[in-house]
Every structure is written in C-alpha cells, then in structure tokens.
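Residue strings, one per chain:
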Amino acid sequence: MGEQRDGRRLRAWERATDWPLTGLAVVFLAVYAWEVLGRLDGGQRQIAEMTMNLIWLAFGVDYVVSLAIAPRRLHWFATHLVDLAVVALPLLRPLRLLRLIALIRIIQQGTGSALRGRIMSYAVGAVCLLTLVAALAVLDVERDAEGATITTLGQAAWWSLATITTVGYGDLAPVTTPGRWIAALLMIGGIALIGVVTATLASWIVSLVAEETEEQATATRAQVEALHREVARLTARLDLLAQERPAGAPEQDPLRLQ
C-alpha cells in the first residue's frame with residue numbers, strides 16, 4: 001500500500017510540475033540565446049546568469065522532491081541520470097542545456113497514446129532541440145577561439161545540422177575542447193535518433209504487412225465458414241431426401257440436387 005501511495009504521489013507531482021518546468025525550460029533557452037547572441041556583459045549578463053541559476057534551482061528542487069517520494073528510489077535514480085546531470089553540472093554551460101529535454105514533454109502531449117506516435121514526437125522534438133542547442137553552445141565556446149571557423153550563428157547552425165545528420169562536410173569544425181565535446185555528444189545523439197527513426201519506420205511497415213495478412217486470413221476464414229455452411233445444407237438436404245424416398249425407389253444422383 002505504501003509503495004502504491006508513493007507512486008500516486010510521484011505521478012501527481014509530475015503532472016503538477018510538468019508544464020511549469022517546461023515553461024522554465026523555454027525561458028532558459030530564450031535567456032541563453034539572448035546571452036550568446038547578444039554578447040551580454042555587465043548588468044545584463046548578471047541578470048541572464050541569475051535567471052538561469054534560478055531555473056537550475058527549480059529543476060534541482062524538482063529532482064530532490066521526485067527522488068524523495070519515488071516508491072523505488074534506486075530504480076528511479078538509475079532511470080533519471082540525465083536529470084541528475086542537469087542538476088549536478090550547473091557550471092558546465094553546454095551540459096546545462098540538458099535541462100531543455102523537458103521541452104520534449106510538451107510535444108508529446110498532443111500525440112495520443114500510440115507508442116509509435118510518442119516515439120516519432122520525441123525524435124522530431126529531439127532533432128530540432130538538439131540542433132538549436134548545439135548551435136548556440138558551440139557558437140558560445142568557439143567564436144572567440146584562435147583559429148575558429150565557427151564564428152556566426154549561421155555557421156553554427158549549418159555545422160550543427162551537418163553533424164547531427166552524421167554528414168560532416170568538414171568545412172566547419174570546432175577547435176576548442178568544449179566544442180569537440182559538444183560535437184561528440186551531438187554525433188552520438190544523431191546516430192541514436194537515426195536508429196530510432198529507422199526502427200519506427202520498420203515497425204510501421206511490419207504493422208502494415210501484418211494488417212494485410214490479417215485481412216487475408218479473415219477473408220479466408222469467412223470463405224471456409226461459408227463452405228462449411230453449404231456442406232451442412234447439402235448434407236441436410238440429402239438426409240431429408242433419403243427419408244422421403246419410398247422403399248425400393250432408385251437413388252437420385254446427388255449432383256442433380258438443387
């Protein structure tokens with residue numbers, strides 16, 4: 001009973017905090033983009049940093065409360081390592097953007113309960129989000145580095161798109177260590193997303209084939225049942241004629257029976 005009660009409390013907490021945390025994640029993305037693209041300094045930079053730190057604090061509170069009321073804390077901890085990274089690594093700018101994964105939840109809201117729909121929504125949301133976030137992050141760490149080739153938002157967006165799709169033209173490449181870490185994470189994410197999309201498409205094709213096979217099987221069963229009914233009708237007809245035939249009368253040809 002206690003575990004079920006804690007499970008209900010956790011689900012209630014998640015429902016209550018889902019939209020507020022999603023809104024905070026959107027605010028975080030906007031503020032981070034403002035800081036990177038505006039090259040903020042002085043008071044504006046302090047405001048941006050304070051806003052992002054307060055959002056980090058809100059995600060930290062959510063993590064602690066969720067862990068405290070989870071029915072199986074060890075299992076919850078093991079399955080929410082990304083949330084732990086979001087909370088435990090607030091000082092690493094690129095990794096702080098992991099908290100924007102909460103944005104994908106809002107995309108899932110309108111996809112219904114179909115598993116394939118949820119997977120595709122997560123995949124599309126993750127591609128768009130990772131592309132934008134990686135472009136901002138790599139621009140932030142690369143544009144002032146010596147020998148950097150990624151110095152504008154357009155270049156960063158082109159590099160991010162080429163990297164997440166695993167094309168990698170090589171015309172643009174990070175030269176800093178943080179930039180290369182961002183590239184590595186983006187490549188891994190791109191490969192994983194391609195695998196998800198491929199598996200989802202394969203599942204869709206298999207389901208179509210299965211549906212067609214089931215339709216054919218249903219039609220075959222209907223035909224077999226109709227034949228059974230016809231045979232039963234003819235058998236009953238023969239029995240009736242056999243009962244009505246006078247003794248000693250010649251047997252009629254069954255093939256001529258109507």
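None of the values given here were measured: they were computed from a predicted structure.

(A) The arrangement of the UniProt feature "coiled-coil region" (unreviewed entry) in the protein in detail. Mapped onto this numbering, the UniProt entry gives "coiled-coil region" (unreviewed entry) at residues 210-244. As annotated, residues 210-244 comprises 100% helix and 0% strand, and the C-alpha atoms at either end are separated by 51 Å.

(B) Structural detail: helix H9 (residues 177-244). Taking 1.5 Å of rise per residue, the 68 residues of H9 would be expected to cover 100 Å, and the 100 Å separating its terminal C-alpha atoms lies within 8% of that figure. If you check which residues of H9 are buried, you get Gly179, Ile182, Ala183, Leu186, Gly189, Gly190, Leu193, Thr200 and Ser207. The residue sitting at the N-terminus of H9 and contributing the capping side-chain oxygen is threonine 176; that oxygen lies 3.1 Å from the backbone nitrogen of glycine 179.

(C) Spatial organisation of helix H8 (residues 153-164). Compared with the 16 Å implied by 1.5 Å per residue over 12 residues, the 16 Å span of H8 between its first and last C-alpha is a close match. Those residues of H8 lying buried are Ala156, Trp159, Ser160, Ala162, Thr163 and Ile164.

(D) Fine view of a nonpolar patch on the surface. A cluster of nonpolar side chains, namely Val197, Leu201, Trp204, Ile205, Leu208 and Val209, defines an oily patch on the protein surface of about 520 Å² accessible area. Residue leucine 208 is classed as partly exposed on the basis of its relative accessible area of 38%.

(E) Structural context of unusual backbone geometry. With a phi angle near 50 degrees, arginine 39 is a residue other than glycine that sits in the positive phi range. Note that arginine 39 resides in the loop between helix H1 (2-38) and helix H2 (42-69). Look at arginine 39 and you get partly exposed, because its relative accessible area is 47%. One non-glycine residue, threonine 166, lies in the positive phi region at around 60 degrees. Its place among the elements puts threonine 166 in the loop between H8 and H9. The class of threonine 166 is partly exposed, set by a relative accessible area of 42%.

Cut-offs applied
- Residues numbered from 1 in each chain as written.
- Predicted model: local features only at pLDDT ≥ 70, side-chain atom pairs only at ≥ 80, totals over all residues.
- Heavy atoms only, no water.
- UniProt positions renumbered as here; feature names shortened; annotations may be inferred.
- Helix = DSSP H or I, 4+ residues; strand = E, 2+ residues; numbered from the N terminus.
- Expected span 1.5 Å × (residues − 1).
- Buried < 20%, exposed > 50% of the residue type's maximum accessible area, 1.4 Å probe, protein only.
- Polar contact = N/O pair within 3.5 Å; in protein donor to acceptor, adjacent residues only side chain to side chain.
- Patch = residues over 30% accessible without salt bridge, like charges linked within 9 Å, V, L, I, M, F, W, Y side chains within 5 Å.
- Areas by Shrake-Rupley, 256 points an atom, 1.4 Å probe, with all protein chains shown as cover.
- Salt bridge = Lys/Arg side-chain N within 4 Å of Asp/Glu carboxyl O.

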